[in-house]
Amino acid sequence: MSEEEIVLSLNDPPACAQCGGLTLLKAEFPHTWKNATEQDVTGVRAVALCPECDRGEPSADALLALFTVDGQLSEQNLTVFTDLMAAWLDVVRHKSVDMERLDAEHKAWLRGELDNDEADGLDGDAVR
C-alpha cells in the first residue's frame, strides 16, 4: 500500500467494532502514530461506515444518505460517491484516541464494570 493509497471494500464489509451491527463499507489507508517512546510507527488503519454509530457526523450522514437513496453504486452516482467518500475519510483519518477515556474504560474493565457503562458515565467509545 503506497503512502496515499486507499483501499475500499463494498463487498462483505465487517461488523461494526462498536455495536456489532452491519456496516456498509470498509476503507483501509496508511496511518502513522507515535509509540510510547515517541517514535513513529507506520501501519494500515481500517475503518467501517456504520449506519448506527456514524450517524450524526455530517460527512457520514451524507454518505449514508447516498446509500439510502440510491441503494448501490452506479455510473450515475460514482462522482458524488467519490466526493462524499473523500469528505468522510478526511474526518475519520483525523480521529484519534481520547487517552483519558481509554484509561477510564480500561480501569472499568479491570474492575469488571465495562458492561455497566452507565454507572461510570462511559459509552464504550474512546475514539473521538
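Residues numbered from 1 in each chain as written. Predicted model: local features only at pLDDT ≥ 70, side-chain atom pairs only at ≥ 80, totals over all residues. Heavy atoms only, no water.

Another point: the overall build of the protein. Secondary structure summary: the protein contains four helices and three strands in total. Tracing the protein from N to C terminus, the helices and strands come up as β-β-β-α-α-α-α. The buried share among the 128 residues of the protein stands at 23%. Of all intrachain contacts in the protein linking residues separated by at least 6 positions in sequence, the fraction that spans at least 24 positions is 45%. When the accessible surface of the protein is totalled, it reaches about 8600 Å², and 51% of it is carbon and sulfur. (Helix = DSSP H or I, 4+ residues; strand = E, 2+ residues; numbered from the N terminus. Buried < 20%, exposed > 50% of the residue type's maximum accessible area, 1.4 Å probe, protein only. Contact = heavy atoms within 4.5 Å. Areas by Shrake-Rupley, 256 points an atom, 1.4 Å probe, with all protein chains shown as cover.)

In the structure shown here, the tally under the stated rule is one aromatic pair. With centroids separated by 6.2 Å and ring planes inclined at 90°, the aromatic side chains of Phe67 and Phe81 adopt a geometry described as edge-to-face. On the criterion of sequence distance, the pair formed by Phe67 in helix H1 (residues 58-70) and Phe81 in helix H2 (residues 78-93) is long-range, its members being 14 residues apart. (Phe/Tyr/Trp six-rings, centres within 6.5 Å; stacked < 30°, edge-to-face > 60°.)

By the bridge criterion, three bridges tie strand E1 (residues 7-9) to strand E2 (residues 25-34) in an arrangement that is antiparallel. When the bridges of E2 are listed, Leu8 appears paired with Ala27. The pairing of E2 with strand E3 (residues 40-49) spans ten bridges and is classified as antiparallel. Paired with Phe29 across the two strands is Arg45, which belongs to E3. The antiparallel pairing of E2 with E3 creates a hairpin that spans five residues between the two strands, and Glu38 there sits at a positive phi of about 65°. (Pairing = 2+ DSSP bridges.)

Our next topic: the sheet that holds E1. Spatially, E1-E2-E3 is the arrangement adopted by the three strands of the open sheet, whose pairing is antiparallel. On the outer flanks of this sheet lie E1 and E3, each paired with one strand and no other. Put simply, the sheet's adjacent strands are angled 30° from each other on average, direction ignored. Against the sheet, H1 touches E2 and E3, its axis set at about 45° to E3. Along the sheet face, H2 touches E1, E2 and E3 and points at about 35° away from the line of E2. (Axes fitted to C-alpha atoms, helices over the stretch in contact; angles between N-to-C directions.)

Turning our eyes to something else, we now look at unusual backbone geometry. In this structure, Asp12 is a non-glycine residue whose phi angle is positive, near 55°. Looking at the secondary structure, you find Asp12 in the loop between E1 and E2. Here Glu38, not a glycine, exhibits a phi torsion of approximately 65°, which is positive. Locating Glu38 in the fold gives a position in the loop between E2 and E3.

This part takes up the environment of Asn11. Its location among the elements puts Asn11 in the loop between E1 and E2. Asn11 sits 13 residues away from Leu24 along the chain, and the two C-alpha atoms are 8.6 Å apart.

Let's shift gears to the packing of H1 against H2. The contact between H1 and H2 brings their axes to 8 Å, and the two run at 150°. The orientation of H1 with respect to H2, classified from their angle, is roughly antiparallel. In the packing of H1 onto H2, the handedness of the crossing is left-handed. Along the contact surface, H1 presents Ser59, Ala60, Ala62, Leu63, Leu66 and Phe67, while H2 presents Val80, Phe81, Leu84, Met85, Ala87, Trp88 and Val91. Its residues placed into classes, the contact of H1 with H2 shows twelve nonpolar, one polar and no charged. (Parallel < 35°, antiparallel > 145°, perpendicular 65-115°, else oblique. Left-handed = near helix turned anticlockwise from the far one by under 90°. Nonpolar A, V, L, I, M, F, W, Y, C, P; charged D, E, K, R; others polar.)

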